[in-house]
Amino acid sequence: MRSFSYVSAPDVAAAVRAIGSEPGAKFIGGGTNLVDLMREGIERPETVVDITALPLAEIEEAAGGGVRIGALVRNSGLAAHPLIRTRYPMLSQAVLTGASAQLRNMATVGGNLLQRTRCVYFYDGAAACNKREPGSGCDAIGGFTRNHGILGVSDDCVATHPSDMCVALAALDATVEVQSVRGVRRVPLADLHLLPGRTPHIETTLAADELITAVELPASAVAATSRYRKVRDRASYAFALVSVAAALNVRDGVVTEVRLALGGVAAKPWRAHEAERILVGAPATEDSFRRAAAAELAAATALPHNAFKIELAQRTIVSTLRQLLAEGGAA
Ligand code: SF4
């Protein structure tokens, strides 16, 4: 690992000042992704700004019935918190499917939002990778693509976003609070991550000097009837081949509200707007669920080893909605 300078920030103001004054600096919280990337030489910060002393580790009720989650809340604390377990069960379940218990004890909410793809070619310094080295090519295309994307991919990058937590946050219409020396701003989660296009190395809409300070969840009655289902090659410690975050409300046999987001299929958490549009007002039946899932995946494109994901995503949507219906999605 290259040598680097270390700065410990006592408060948010000092943290954003430090990052602004140190070109090439990076914030470090739990370090569960950044340290790996530094060891591999993919991230090469001149300075790391340690933010673990900042007072951002609380989960609190927000005005209007929502919840505010500090960026330094550990993943294990988020999953176990009563407000999250009862009001947003899909979020608790999503976090618990991610990584290992040891990693969840270290990893933070802010870091989870910014973790980078687990494309194996991205981590392999001998491989061409437009995300790691813009303009160098993409060895995944033409390589082994079982874990790569089927929605929103480009000719320059077909990687997927690795987070489970972010899939649930996308379905819940979360907002991300960020701070810099210029002040505070709020970014809808849907606008935080970017699809690759011609610039896969640009992954978010955050400026390099912006610090994520919190995630805000709006009040949501439907979120209480929600689930996260993850399909993967191993029962634990594996990234999603496909995952589904879903919430469902049904009245008199008709879908009144539904939230759907997919993981493991795109470079960002994929909100299934088309499926939601078809489902609202439709009978809460297997046929409707299938129709909506097929419409959402209609634009999917397969690579040589991941065509199975198109069918798998549809089946996972249908089975998750069926389970929610059976568990009490009917009002
Ligand atoms: Fe790099 Fe993206 Fe290609 Fe993977 S899919 S090698 S991350 S450019």
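Every residue gets a number counted from 1 within its own chain, in the order that chain's sequence is written. A pLDDT threshold of at least 70 governs which residues receive local features in this predicted model, and a stricter bar of 80 or more applies before side-chain atom pairs are shown or counted, although totals over entire chains, interfaces and linings include all residues. With hydrogens and water excluded, all non-hydrogen atoms of the structure serve as input to the side-chain values.

Participant: Explain the side chain of His 148 here, please?
Facilitator: What counts as a helix is a DSSP run of H or I of at least four residues, what counts as a strand is a run of E of at least two, and both are numbered from the N terminus. Counting through the fold element by element, His 148 comes out in the loop between α8 (120-123) and α9 (165-171). Each residue's exposure class comes from its accessible area (1.4 Å probe, protein chains only) as a fraction of the maximum for that residue type: buried when under 20%, exposed when over 50%, partly exposed otherwise. By relative accessible area, which is 4% here, His 148 ends up buried. With sequence-adjacent residues up to four places away left out, His 148 is seen in contact with Cys 119, Tyr 121, Ala 140, Val 158, Ala 159, Thr 160, Gly 264, Leu 303, Asn 306 and Lys 309. Whether two residues are in contact is decided by their heavy atoms, any of which lying within 4.5 Å being enough.

Participant: Can you help me understand the UniProt feature "domain: FAD-binding PCMH-type" (unreviewed entry) in the chain in this one?
Facilitator: UniProt positions are given in the numbering used here, feature names are shortened, and annotations may be inferred rather than shown by experiment. Using the residue numbers shown here, the UniProt feature "domain: FAD-binding PCMH-type" (unreviewed entry) corresponds to residues 1-222. Span residues 1-222 is 27% helix and 17% strand, its end C-alpha atoms 47 Å apart.

Participant: Would you mind going over the pattern of salt bridges with me for this structure?
Facilitator: Pairs may arise between side chains of opposite charge once their charged atoms sit close together. Salt bridges are defined by distance alone: a side-chain nitrogen of Lys or Arg within 4 Å of a carboxyl oxygen of Asp or Glu. Within the structure shown, the criterion is met by 25 salt bridges. Its salt-bridge partner being Asp 173, residue Arg 271 comes within 2.7 Å of it at the nearest N-O pair. Residue Arg 271 is located in strand β12 (residues 270-271), and its partner Asp 173 is located in the loop between α9 and β6 (175-180); the two are separated by 98 residues in the primary sequence. Under the relative-accessibility criterion, Arg 271 is labelled buried at 15%. The closest approach of N and O atoms between Glu 216 and Arg 186, which form a salt bridge, is 3.1 Å. Here Glu 216, found in strand β8 (residues 211-217), pairs with Arg 186, found in strand β7 (residues 183-188); they are 30 residues apart in sequence, far enough to count as distant. Each of Lys 26, Glu 43, Arg 116, Lys 131 and Glu 203 takes part in one network of salt bridges that share partners.

Participant: Where do I start with the pairing of strand β11 (residues 254-263) in this structure?
Facilitator: Within a regular strand, the side chains alternate between the two sheet faces. Of all ten residues in β11, seven are buried; the element is thus mostly enclosed. Note on pairing: DSSP must find at least two bridges between two strands before they are called paired. With nine bridges connecting them, strand β10 (residues 242-251) and β11 associate as antiparallel partners. Paired with Ala 247 across the bridge in β11 is Arg 259. Judged from the two bridges that link them, β11 and β12 form a sheet pairing that is antiparallel.

Participant: Quick question: what am I supposed to make of the sheet that holds β10 here?
Facilitator: Strands belonging to one sheet form pairs held by backbone hydrogen bonds; the direction of such a pair is parallel or antiparallel. Ordered in space as β9-β10-β11-β12, the four strands form an open sheet in which the pairing is antiparallel. Among the strands making up the open sheet, the edge pair consists of β9 (226-231) and β12. To obtain an axis, a line is fitted to C-alpha atoms, over the contacting stretch when the element is a helix, and the angle between two such axes runs from 0 to 180 degrees between their N-to-C directions. Contacts from helix α5 (residues 89-96) reach β9 and β10, with the element oriented near 25 degrees to β9.

Participant: Can you walk me through the environment of Phe 122 in this structure?
Facilitator: Following the sequence through the fold, Phe 122 ends up in helix α8. For Phe 122, a relative accessible area of 0% puts it in the buried group. Distance from Phe 122 to Ile 42, taken between C-alpha atoms, is 8.4 Å for residues 80 residues apart in sequence. In this structure Phe 122 touches Leu 37, Ile 42, Arg 116, Thr 117, Cys 129, Lys 131 and Arg 132, once residues within four positions along its chain are discounted.

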